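One letter stands for each residue in the lines below.
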Amino acid sequence: MGAAHVTKRSVDELLAEARQGLDRLGPEEAAAVQSAGGLLVDIRYAALRERDGTIPGALIVERNELEWRLDPQCDHRLPEATHHDLQVVVVCNEGYASSFAAVSLRQLGLTRATDLAGGFQAWRAAGLPVY
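Please read these numbers as outputs of a predicted model, since none were measured by experiment.

K.L.:
Please clarify how the overall build of the chain should be interpreted in this entry.
P.N.:
A count of helical and extended segments in the chain gives six helices and four strands. Taken from the N to the C terminus, the helices and strands of the chain come in the order α-α-β-α-β-α-β-α-β-α. Its C-alpha radius of gyration of 15 Å places the chain within 12% of the 14 Å reference for a compact globule of 131 residues. Taken along the three principal axes of its C-alpha coordinates, the chain extends 55 × 35 × 25 Å. Here the chain holds 131 residues, and the buried ones make up 41% of them. Considering only intrachain contacts with a sequence separation of at least 6, the fraction spanning at least 24 residues in the chain is 65%. By element, 52% of the accessible surface of the chain is carried by carbon and sulfur atoms, the whole surface being about 7,300 Å².

K.L.:
What's the story with the sheet that holds strand β2 (residues 59-60) in this structure? I'm lost.
P.N.:
The strands that make up a sheet pair up through hydrogen bonds in the backbone, lying either parallel or antiparallel. Read across the open sheet, the four strands follow the order β2-β1-β3-β4; overall the sheet is parallel. The open sheet terminates on both sides in strands that have one partner only, identified here as β2 and β4 (114-115). Summarising the sheet, strand β3 (residues 88-91) and β4 pair through two bridges and their orientation is parallel. Considered in β4, the bridge of valine 89 is made with threonine 114. In the packing of helix α5 (residues 97-107) onto the sheet, the strands contacted are β3 and β4, and the crossing angle to β3 comes to about 150 degrees.

K.L.:
I would appreciate a short explanation of the environment of glutamate 17 in the present structure.
P.N.:
When you line up the elements, glutamate 17 lands in helix α1 (residues 11-20). Spatially, the C-alpha atom of glutamate 17 lies 13 Å from that of alanine 101, the residues being 84 residues apart in sequence.

K.L.:
Looking at this model, I keep getting lost on the side chain of threonine 114. Mind explaining?
P.N.:
For threonine 114, the position within the fold is in strand β4. Classification of threonine 114 by relative accessible area gives buried; the value is 4%. There is a polar contact of 2.9 Å between the side chain of threonine 114 and the backbone oxygen of aspartate 23. Residues in contact with threonine 114, not counting those within four places in the same chain, are Leu22, Asp23, Arg24, Leu25, Val88, Val89, Val90 and Ala102.

K.L.:
Even after reading the chapter, I still don't get the pattern of salt bridges, so can you show me in this structure?
P.N.:
It is possible for side chains of opposite charge to pair when their charged atoms get near one another. For the structure on display, the rule yields nine salt bridges. Across the pair glutamate 17 and arginine 9 runs a salt bridge, and its minimum N-O distance is 2.4 Å. The network of salt bridges with shared partners includes Arg51, Asp52 and Arg124.

K.L.:
Is there a simple way to explain the nonpolar core in this structure?
P.N.:
For soluble globular proteins, nonpolar side chains are generally found buried alongside one another. Grouped together as the largest cluster of nonpolar side chains are 18 residues, with contacts concentrated most on Val41, Ile43, Leu66, Leu70, Val88, Val90 and Leu105. Of all the secondary structure elements, the ones that give two or more residues to this core are β1 (39-42), α4 (66-70), β3 and α5. In terms of residue count, α5 provides more of this core than any other element does, three residues in total. The contacts of valine 88, once residues within four sequence positions are left out, are Leu39, Val41, Leu70, Leu105, Arg112, Ala113 and Thr114. Formed by twelve residues, the second largest nonpolar core is a distinct cluster that contains Ala30, Ala31, Val33 and Val89.

Cut-offs applied
The numbering scheme is per chain: residues are counted from 1 as the chain's sequence reads. Local features are withheld for residues below a pLDDT of 70 in this predicted model, meaning they are given only at 70 or higher, and side-chain atom pairs are given and counted only at 80 or more; totals for whole chains, interfaces and linings count all residues. No hydrogens and no water enter the side-chain calculation; it runs on all heavy atoms of the structure. The numbering of helices and of strands both runs from the N terminus, where a helix is a DSSP run of H or I of at least 4 residues and a strand a run of E of at least 2. Here the radius of gyration uses the C-alpha set of atoms, whereas the globule reference equals 2.2 Å times the residue count to the power 0.38. Summary of the burial criterion: residues with accessible area below 20% of their type's maximum are buried, those above 50% are exposed, and those between are partly exposed, where the area comes from a 1.4 Å probe applied to protein chains only. The contact definition used throughout considers only heavy atoms, calling two residues in contact when any of these lie within 4.5 Å. Under the convention used here, a 1.4 Å probe and the Shrake-Rupley method define accessible areas, while residue burial counts only the protein chains that appear. A pair of strands is considered paired only if DSSP assigns at least 2 bridges between the two. Only C-alpha atoms enter the line fits that serve as axes; for helices the fit covers just the stretch in contact. Angles between N-to-C directions range over 0 to 180 degrees. Each polar contact in these results corresponds to two N or O atoms within 3.5 Å; when the atoms are within protein, one needs to be able to donate a hydrogen and the other to accept it, and residues that are neighboring in sequence are counted only if both atoms are side-chain atoms. Salt bridges are identified by distance alone: a Lys or Arg side-chain nitrogen within 4 Å of an Asp or Glu carboxyl oxygen. Among the buried residues, those of types Ala, Val, Leu, Ile, Met, Phe, Trp, Tyr and Cys that are joined through side-chain atoms within 4.5 Å form a nonpolar core.

Purely geometric stuff here, so don't read any function into it on its own.
Pasting the structure below:
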C-alpha cells in the first residue's frame, strides 16, 4: 500500500487559514470581554509568566492542557468551563499560538472562542494591568 498523499503547507498558510474564522480582539476589546464575564485564558509557559507577569483575573492553562480544561463536557474541566457559549479569549505571548488554540476550542464547540491579537505583549504595551 502506498502512503496517503499529504498536501504540504507552511505554518504561515495554516495560521492564515486558522485566523479566517476568528474575530480576533485587540487588548482593550479583550479587557471588555473579561469585564463582561468572559474568560481570558493565558496559555504561555511558566518562564514567560515569571519573566513578564500575568493579566489579573486571567486563567492560567498551559497549552498542552487547554482542551481538557475548557471542554464543558470533560471530567477534567475547570469550574469556569460551564457551557459552550462561554466567551473565551486565548492569550499567548505574541498572538500566534493563541490563534491555533482558539480554533481548537471552536472545534470542541466553544463557538465564541477567539484570541488576543499581539498576545500578552500587546496587552502590556497598551498599558493594561499586569502583575
